[in-house]
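Okay, here's what each chain looks like letter by letter:
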Amino acid sequence: MAKKTTAIKYSEAIQEIEQILEKFRTEQLDVDTLTAEVKRATELITACKSRLKEVEGEVNKILEA
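### Quick look at the overall build of the protein chain
Part 1: Scanning the protein chain for helices and strands turns up two helices and zero strands.
Part 2: The C-alpha atoms of the protein chain give 15 Å as radius of gyration, which overshoots the globular expectation for 65 residues (11 Å, by more than 25%).
Part 3: Counting over 65 residues, the protein chain shows a buried share of 18%.
Part 4: Partitioning the contacts of the protein chain with sequence separation of at least 6, the portion at a separation of at least 24 is 66%.
Part 5: As displayed, the protein chain has an accessible area near 5,300 Å², and 55% of this comes from carbon and sulfur atoms.
Part 6: Side-chain charges in the protein chain split into 11 positive and 13 negative, and the spacing between the mean points of these groups amounts to 5 Å.

This is how it looks when you write it as structure tokens:
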């Protein structure tokens, strides 16, 4: 878990989520790291949702003009 969620770009967050998912798919996670990876994925998903809502608001403002 290299980066803070608050400073991460959307594309980087998606990439990190995909890496975590790949660990799940290939069963590379052990019980000791499972909780930390799930927590990180949740943080990243929340950051992505927030960014998408922000962009949606910006696009709606542009379209309204």
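### Considering a nonpolar patch on the surface
Part 1: Together, Leu21, Phe24, Leu34 and Val38 line one region of the surface with nonpolar side chains, adding up to about 290 Å² of accessible area.
Part 2: Mapped by element, the contributors of at least two residues to the nonpolar patch are α1 (10-25) and α2 (31-64).
Part 3: Position of Phe24 among the secondary structure elements: in helix α1.
Part 4: On the accessibility criterion, Phe24 (35% relative accessible area) is partly exposed.

### Brief notes about the nonpolar core
Part 1: Ile8, Ala13, Ile17, Ile20, Ala41, Leu44 and Cys48 form the largest nonpolar core, which has seven residues in total.
Part 2: Where this core is concerned, the elements lending two or more residues are α1 and α2.

### Looking at the environment of Ala41
Part 1: Within the secondary structure, Ala41 sits in helix α2.
Part 2: Taking the C-alpha atoms as reference, Ala41 lies 9.7 Å from Gln19; in sequence the two are 22 residues apart.

Criteria and cut-off values
- Within each chain, residue numbers correspond to sequence positions counted from 1 in written order.
- Restriction of local features to residues with pLDDT of at least 70 applies here, the model being predicted, together with a cutoff of 80 or more for giving and counting side-chain atom pairs; totals for whole chains, interfaces and linings are based on all residues.
- Side-chain metrics rest on all non-hydrogen atoms present in the structure, leaving aside hydrogens and water.
- Starting at the N terminus, helices and strands are each numbered in turn, a helix being any DSSP run of H or I of at least four residues and a strand any DSSP run of E of at least two.
- Atoms counted for the radius of gyration: C-alpha only. Globule rule: 2.2 Å times residue count to the power 0.38.
- Note on classification: 1.4 Å probe, protein chains only; a residue is buried when its accessible area is under 20% of the maximum for its type, exposed when over 50%, partly exposed between these limits.
- Two residues form a contact once any of their heavy atoms are found within 4.5 Å.
- A 1.4 Å probe and the Shrake-Rupley method give the accessible areas. Residues count as covered only by the protein chains that appear here.
- The charged-residue count follows a simple rule in which Lys and Arg add positive charge and Asp and Glu add negative charge, with His and chain termini not counted at all.
- Here the site of a charge means atom NZ of a Lys, CZ of an Arg, CG of an Asp or CD of a Glu.
- Grouping into patches uses exposed residues only, defined as over 30% relative accessible area, and leaves out salt-bridged ones; the cut-off is 9 Å for like charges and 5 Å for nonpolar side chains (Val, Leu, Ile, Met, Phe, Trp, Tyr).
- A carboxyl oxygen of Asp or Glu within 4 Å of a side-chain nitrogen of Lys or Arg is what we treat as a salt bridge.
- What we call a nonpolar core is a set of buried Ala, Val, Leu, Ile, Met, Phe, Trp, Tyr and Cys residues that are connected through their side-chain atoms within 4.5 Å.

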